[in-house]
Amino acid sequence: LRSRRNVEYLVPFAVLFAADALRGGLAGQPLQAFWRELKAFLLEQKLFLAAVAVPLLLTPYIVVRDVWSVRAAFGAGIPLTRFQAASAWLAAHAPPMAQIFHSDWDDFPMLFYYNSASRYVVGLDPTFMYRFDPARYWAWERVTTGRERAKLYDVVARQFGAAYVFVGKEQAETMGKLIAGNAGFRQAYRDDEAAIYEVLPTAEILNPKHQILNKSQ
């Protein structure tokens, strides 16, 4: 019930189960006799009738509400050029096979489409990452949700070996603020869709004068 993927499978399998159950239960039984018995049962069992009637009455409202919310959420669609400019910057500046620590798993398709030369922390679906290494998954999750503060640089630079951090605009107020406020990262690119931060070497973090010289260059 907590997994969106299982919910997607629920509808077709529920229809198949209902069809098979009704076929087995009604096999060889006249429909008229079945309906008479069903109506008599429902009239006798008022509580059962109410339990069945309430969901049926709520179904039209739920259907209209969900259709409206889905249309509102996806009406504008996803631009075909989403993250194209940021990916082009990465392709031009990041070394081949550089590790990119990105802010959400569903950024991966666009990033990989426009720049397949880099490596990305997680693709579709993050469950693969969790099954492979739960500790690394929760470390990534804490950073992307803005909950990791004390070990932010250690997680990104050492645990994941990332060279750059990609932050989509949806995470700008959570993960983005923490990355921008940490001395271990330097903003290298920004547009209306995303920001990219360079992961600084430890020596440069310990030597602020060297960092200032690099910025001036």
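Described below are features of the structure shown in this document. As a convention, each chain's residues are numbered from 1 in the sequence order in which they are written. Selection of residues for local features in this predicted model requires a pLDDT of at least 70, selection of side-chain atom pairs for listing and counting requires 80 or more, and totals for whole chains, interfaces and linings are taken over all residues. Hydrogen atoms and water are omitted, and side-chain values are computed over all heavy atoms in the structure.

1. Here we look at unusual backbone geometry
Leaving glycine out, the prevailing phi sign among residues is negative, and the prevailing peptide bond configuration is trans.
At step 1: For the bond running from L124 to D125, omega is 0°, close enough to zero to count as cis.
At step 2: To qualify as a helix, a DSSP run of H or I must reach at least 4 residues; to qualify as a strand, a run of E must reach at least 2; elements of each kind are numbered from the N terminus. Locating D125 in the fold gives a position in the loop between β2 (119–120) and α6 (126–132).
At step 3: Unlike most non-glycine residues, M97 shows phi in positive territory, near 65°.
At step 4: Along the chain, M97 falls in the loop between α4 (84–93) and β1 (99–102).
At step 5: Residue classification places M97 among the exposed residues on the basis of a relative accessible area of 52%. Buried, partly exposed and exposed residues are distinguished by accessible area as a fraction of the type maximum, computed with a 1.4 Å probe on protein chains only: under 20%, between the cut-offs, and over 50%, respectively.

2. Things to note about the environment of A86
At step 1: If you trace the backbone, A86 turns up in helix α4.
At step 2: Along the backbone, A86 and D192 are 106 residues apart, and their C-alpha atoms lie at a distance of 9.9 Å.

3. Here we look at the pairing of β1
At step 1: Side-chain alternation along β1 places Q99 and F101 on one buried face and I100 and H102 on a second face that is also buried.
At step 2: Pairing analysis gives 2 bridges linking β1 to β2, with the strands arranged parallel. Bridge pairing in β2 links I100 to Y120.
At step 3: Note on the crossover from β1 through helix α5 (residues 108–114) to β2: the handedness is right-handed.
At step 4: Inspection of the sheet shows β1 paired to strand β3 (residues 164–168) by 3 bridges, in the parallel sense. Note on β3: the bridge partner recorded for F101 is V165. Each pair of strands is called paired provided DSSP finds at least two bridges between the two strands. The path from the first strand over the helix to the second decides the hand: if it runs clockwise while the strands point away from the viewer, the crossover is right-handed.

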